[in-house]
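# Secondary and tertiary structure notes
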Amino acid sequence: MIEAVALTKDFGTLQVLRGINEKIVQGEVISIIGPSGSGKSTFLRCLNLLEMPTSGQVLFHGVDLTSKGVDVDKHRQRMGMVFQHFNIFPHLSVKENITLAPVMLKKRSKQEMDKYALELLNRVGLYDKRDEHPRRLSGGQKQRLAIVRALAMDPEVMLFDEPTSALDPEMVGEVLAVIKQLVAGGMTSIIVTHEMGFAREVSSRVLFMDEGLIAEQGSPQQIFDHPQGERTREFLSKVLR
Amino acid sequence: MFSNMLPNLGKVMGRYGALFVQGLYYTLLLSLLAVLGGTLFGSLLALMRRSKIALVRGIATGYVEVVRGTPLLLQLYFFYFMLPELMPMLELSKFACIVTAMIFNSAGYVCEIVRAGIQAVDSGQTEAARTLGLNGSQTMLRIVMPQAIKNILPALANEFVTVIKETSLASTFFVGDLMTQYNVIRGNMFLVIEPLIIVGIIYFLVTFTLSKGIARLERRLKESD
């Protein structure tokens with residue numbers, strides 16, 4: 001479904017991604033782990049061209065998103081993204097946060113979308129907040145809203161960029177529960193995360209990134225129980241205690 | 001001299017009260033036109049400064065630098081003499097030339113106000129909108145601008161207060177504003193200080209009231225965040 005081909009990304013003189021080749025097929029749940037600064041988030045953000053790769057290709061259903069003349073906006077509609085800092089639209093109500101894009105992009109009619117938004121809110125326990133101003137939501141509630149906002153576009157794949165890193169500890173669980181539910185429903189997902197227990201539980205495949213490359217990958221059991229690389233072991237020994 | 005001041009103040013007010021009102025009218029009209037025109041043109045400049053095309057960016061940036069780097073009085077002279085030369089068929093009035101000059105001047109400052117207002121909106125907002133599939137202008141219109149307005153409005157109102165004071169320079173060309181009236185009354189009555197005090201009080205009351213109003217507006221906008 002998504003394929004990165006010899007993907008590199010430089011920020012000035014700093015080479016953040018150093019040639020990544022990776023293929024993600026439909027139905028996979030990929031967790032990306034690794035030390036900070038290893039390029040996890042940058043890699044994820046290159047997949048929907050939030051960051052323009054310095055070289056290489058990003059293929060989405062075989063279309064190279066980096067080539068000129070490709071309507072990236074159109075493709076982005078099919079790739080949902082959830083951010084570390086939620087990025088809820090503060091000038092819109094909870095419901096409007098969900099309905100704005102699908103209605104504007106004529107994915108659904110206003111009436112249809114109003115109904116669907118309530119259904120989505122219900123699914124993540126925010127039905128009662130539908131007409132609230134987002135500033136009244138807790139961090140966990142904001143992130144759950146951000147997830148259904150992305151889902152409202154009926155994406156084929158969801159990209160999660162450290163979705164629980166900005167949350168107070170007691171709110172991490174409620175957000176992970178929503179993601180788990182989503183993954184159980186078969187949503188192709190790519191999750192950059194520091195929640196190792198969660199990664200082990202939900203992933204079909206784990207990528208360990210180090211210094212701009214995918215240093216090791218495999219099933220959760222392979223990575224967490226039998227890591228091969230020195231760096232993988234070192235990293236895991238630090239985060240798993 | 002000071003013993004005569006109070007009776008003189010009364011005399012000036014009694015005889016020329018209407019002129020002060022007229023002066024205030026022209027000062028406010030000139031300021032309003034300058035800021036309204038400046039807002040339209042300044043917003044356009046702000047968009048130009050965000051353009052992908054380097055030349056467009058350069059023109060806007062150069063314009064802003066020139067406006068902010070030269071005295072307003074010089075700009076007023078420039079338009080006052082240049083506009084009728086450039087476009088004689090329009091037969092522009094003195095007032096029109098001065099309004100145009102003030103618009104061009106104000107646009108330079110408004111451009112920076114709008115730009116700063118847009119920049120103050122968290123970049124995550126744009127990213128979230130773009131990942132939902134909105135294009136650049138949809139994002140600007142529906143996500144960034146509604147939030148930027150909150151930063152822009154108070155600053156724009158402050159610009160209005162500044163312009164009200166700056167229009168006094170336009171009196172150089174006798175366009176009927178408050179300072180023009182001061183010059184008229186001074187010439188007629190041979191009184192220097194008294195009409196100046198009255199004009200000063202009028203300026204102060206207007207700008208003070210507006211500033212207080214703006215501070216209130218700012219508080220209200222903050223609360224709604």
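Residues numbered from 1 in each chain as written. Chains lettered and ligands numbered in written order. Predicted model: local features only at pLDDT ≥ 70, side-chain atom pairs only at ≥ 80, totals over all residues. Heavy atoms only, no water.

## Here we look at the environment of Val-58 of chain A
As a reminder, the rule being used: Helix and strand definitions follow DSSP, with helices as H or I runs of at least four residues and strands as E runs of at least two, each counted in order from the N terminus. Should any heavy atoms of two residues lie within 4.5 Å, those residues are considered in contact.
Turning to its location among the elements, Val-58 of chain A is positioned in strand E4 (residues 55-60). Ignoring any residue separated from it by four or fewer positions in sequence, one finds Val-58 of chain A in contact with Ile-2, Glu-3, Leu-7, Cys-46, Leu-47, Leu-49, Pro-53, Val-63, Asp-64, Leu-65 and Thr-66 of chain A.

## Comments concerning the confidence of the model for chain B
What counts, and what does not: Confidence scores per residue from the predictor, reported as pLDDT, run from 0 to 100.
Per-residue confidence for chain B gives a mean pLDDT of 92; residues scoring 70 or more make up 98%. This complex was scored by the predictor with a pTM of 0.84 and an ipTM of 0.92.

## Some details on the interface of chain A and chain B
For the record, the criterion: Two parts placed together each lose some accessible area under a 1.4 Å probe, and the buried area is that loss summed for both. Salt-bridge detection follows one rule: a side-chain nitrogen of Lys or Arg within 4 Å of a carboxyl oxygen of Asp or Glu. Under this definition, polar contacts are N or O atom pairs within 3.5 Å; protein pairs additionally need one hydrogen-donor-capable and one acceptor-capable atom, and for neighbouring residues in sequence, both atoms have to be side-chain atoms. Charged residues are taken to be Asp, Glu, Lys and Arg, nonpolar residues to be Ala, Val, Leu, Ile, Met, Phe, Trp, Tyr, Cys and Pro, and polar residues to be all remaining types, Gly included.
If you look at the interface, chain A gives 23 residues, while chain B gives 20 residues. If you sort the residues of chain A by the area they bury against chain B, Phe-89, His-91 and Met-104 of chain A come out on top, with a joint share of 28%. Here chain A is connected to chain B by two salt bridges. The residue Asp-73 of chain A makes a salt bridge to Arg-130 of chain B at a minimum N-O spacing of 3.0 Å. Summed over the shared surface of chain A and chain B, the result is six residue pairs in polar contact (both at pLDDT 80 or more). Of all the secondary-structure elements, those providing two or more residues to the side of chain A that touches chain B are helix H2 (72-76), strand E6 (79-82), helix H3 (94-104) and helix H5 (139-151) of chain A. A per-element tally of the side of chain A that touches chain B places H3 of chain A first, with three residues. Grouping the constituent residues of the side of chain A that touches chain B by class yields 13 nonpolar, five polar and five charged.

## Describing the sheet that holds E6 of chain A
Residue and element names in this part refer to chain A. Note the threshold: Here a strand pair is declared whenever DSSP counts at least two bridges between the two strands. Structural elements are reduced to axes, namely lines fitted to C-alpha atoms, with helices fitted over the stretch in contact, and the angle between N-to-C directions of any two is expressed from 0 to 180 degrees.
Strand order in the open sheet formed by six strands is E6-E7-E8-E3-E9-E10, and the pairing between neighbours is mixed. With partners counted over all chains shown, the strands left at the sheet margins are E6 and strand E10 (213-218), one partner each. Across the sheet, the mean angle separating the axes of adjacent strands is 20° when strand polarity is ignored. Bridging between strand E3 (residues 29-33) and strand E9 (residues 205-210) involves four bridges; their strand directions are parallel. Bridging from a neighbouring strand, Ile-30 pairs with Arg-205 of E9. Lying on the sheet, helix H1 (residues 40-47) is in contact with E3, E6, strand E7 (157-161), strand E8 (188-192) and E9; it crosses E7 at an angle near 150°. The strands touched by helix H9 (residues 230-239) are E3, E9 and E10; relative to E9, the strand with the most contacts, the crossing angle is about 100°.

## Regarding the pairing of strand E2 (residues 14-24) of chain A
Residues and elements named next belong to chain A. Judged from the eight bridges that link them, strand E1 (residues 2-11) and E2 form a sheet pairing that is antiparallel. By the bridge assignment, Ala-4 is partnered in E2 with Glu-22. Where E1 folds back onto E2 in an antiparallel hairpin, the turn is made up of two residues, including Gly-12, whose phi is positive at roughly 65°.

## Focus: the nonpolar core
Inclusion rule: By nonpolar core is meant a set of buried Ala, Val, Leu, Ile, Met, Phe, Trp, Tyr and Cys residues that side-chain atoms within 4.5 Å join together. The buried label goes to any residue with under 20% of its type's maximum accessible area, the exposed label to any with over 50%, and the partly exposed label to all in between, with areas taken from a 1.4 Å probe on protein chains only.
In this structure, Ile-2, Phe-43 and Ile-190 of chain A are the most contacted members of the largest nonpolar core, which totals 39 residues. Counting residues per element, this core draws most heavily on H1 of chain A, at four residues.

## Describing the packing of aromatic side chains
Stated precisely, the cut-off is as follows: Note on ring pairs: Phe, Tyr and Trp rings are taken, using the six-membered ring of Trp, and paired if centres are within 6.5 Å. Classes follow the plane angle, with under 30 degrees stacked, over 60 edge-to-face and the rest tilted. Criterion for a charge above a ring: Arg CZ or Lys NZ at most 6 Å from the ring centre, at most 35 degrees from the ring normal.
Scanning the model with the defined rule gives 13 aromatic pairs over all chains in all. On the numbers, 5.0 Å between centres and 75° between planes, the contact of Tyr-77 of chain B with Phe-173 of chain B is edge-to-face. Of this pair, Tyr-77 of chain B sits in helix H3 (residues 72-86) while Phe-173 of chain B sits in the loop between helix H6 (136-166) and helix H7 (178-189), and the two are 96 residues apart along the sequence. The partly exposed category is assigned to Tyr-77 of chain B, whose relative accessible area is 36%. On the basis of an interplanar angle of 35° and a centroid distance of 5.1 Å, the ring pair of Phe-79 of chain B and Phe-104 of chain B is categorised as tilted. One end of the pair, Phe-79 of chain B, is in helix H3; the other, Phe-104 of chain B, is in helix H4 (residues 94-119), with 25 residues separating them in the sequence. According to the relative accessible area criterion, Phe-79 of chain B is buried, its value standing at 14%. Taken together through their ring pairs, the aromatic side chains of Phe-41, Tyr-63, Phe-78, Phe-79 and Phe-104 of chain B make up a single cluster. A cation over an aromatic ring shows up here: Arg-149 of chain A above the ring of Phe-89 of chain A, its NZ or CZ 4.4 Å from the ring centre.

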